[in-house]
Amino acid sequence: EADVATLDQTNRVRTLEGNVVLTQGTMRLAAQKMVVKEDDEGYIRAEIFGSSAAQVTFRQKREGSDDFMEGFADRAEFDDRADTLKLFSRARLKNGGDELKGEYIYYNSATEVVQARNAIPDGKAVPTPAGPANRVNITIQPRVAEPKPASPQQRESKTK
């Protein structure tokens, strides 16, 4: 979905602008602009751009779980064939209360491998002094263990 769409059917390129939403299964990507390219086998690659007012947003239900992965960045790249999402600049990836922040985050939804960096790979960024603002930040919430059912011996000792 988009406010404006330009389709180049010969080269299989779609340029979508204004309140763009890409939905595929349980995955939803929203942005200001997307350039979507389709290969000969029907897989897509998308370059996704936020605006000064809103970042790119990503949400996808995790396989075999009720949890959702959520991501935010100024720019992103999605590869349908590889099941990967790359988040660039002010990137965040959330899963429940857990959160990962960095300048670059790579997420493979098929393997559930996540990688974060404090700089964009091959970026031409000006070196900045080391410090908390220039490091990857990970917040992991404690897991609440579910109580185990009592064993027959434990139930028996409680009834005596």
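Below: a short report on this structure. (Residues numbered from 1 in each chain as written. Predicted model: local features only at pLDDT ≥ 70, side-chain atom pairs only at ≥ 80, totals over all residues. Heavy atoms only, no water.)

**Points about the pairing of strand 3 (residues 27–38)**
Of the pairings in the sheet, the one linking strand 2 (residues 13–24) to strand 3 comprises 10 bridges and is antiparallel in character. Looking at strand 3, one finds that Leu16 is bridged to Met34. Taking the residues that link successive antiparallel strands as the turn, the strand 2-strand 3 hairpin has 2 residues, and the phi of Gly25 there is positive, at about 60°. As paired strands, strand 3 and strand 5 (residues 56–61) are joined by 3 bridges and run antiparallel to one another. Counterpart to Ala30 in the pairing with strand 5 is Thr57. (Pairing = 2+ DSSP bridges. Helix = DSSP H or I, 4+ residues; strand = E, 2+ residues; numbered from the N terminus.)

**Remarks on the environment of Ala30**
Mapped onto the elements of the fold, Ala30 is located in strand 3. Assessed through its relative accessible area of 14%, Ala30 is described here as buried. Put simply, Ala30 and Ile48 are 18 residues apart on the chain and 8.5 Å apart in space, counted from C-alpha to C-alpha. Aside from chain neighbours lying at most four places away, what touches Ala30 is Val20, Val21, Gln55, Val56 and Thr57. (Buried < 20%, exposed > 50% of the residue type's maximum accessible area, 1.4 Å probe, protein only. Contact = heavy atoms within 4.5 Å.)

**Thoughts on the pairing of strand 9 (residues 98–108)**
Buried residues dominate strand 9, accounting for 8 of its 11 residues. Judged from the 10 bridges that link them, strand 8 (residues 84–95) and strand 9 form a sheet pairing that is antiparallel. Bridge pairing in strand 9 places Lys86 opposite Tyr106. Linking strand 8 to strand 9, which pair antiparallel, is a turn of 2 residues; within it Gly96 sits at a positive phi near 65°.

**Quick notes on the nonpolar core**
In terms of nonpolar packing, the biggest core is built from 24 residues, with Leu29, Met34, Ile48, Phe58, Phe78 and Leu87 touching the most fellow members. Of all the secondary-structure elements, those providing two or more residues to this core are strand 2, strand 3, strand 4 (44–49), strand 5, strand 6 (68–73), strand 7 (75–79), strand 8 and strand 9. Broken down by element, the residue count for this core peaks at 5 residues, all from strand 3. (Core = buried A, V, L, I, M, F, W, Y, C linked by side-chain atoms within 4.5 Å.)

**Some remarks on the side chain of Asp98**
Counting through the fold element by element, Asp98 comes out in strand 9. By relative accessible area, which is 12% here, Asp98 ends up buried. Those residues in contact with Asp98 that lie beyond four places of it in its chain are Leu93, Thr139, Ile140, Gln141 and Arg143.

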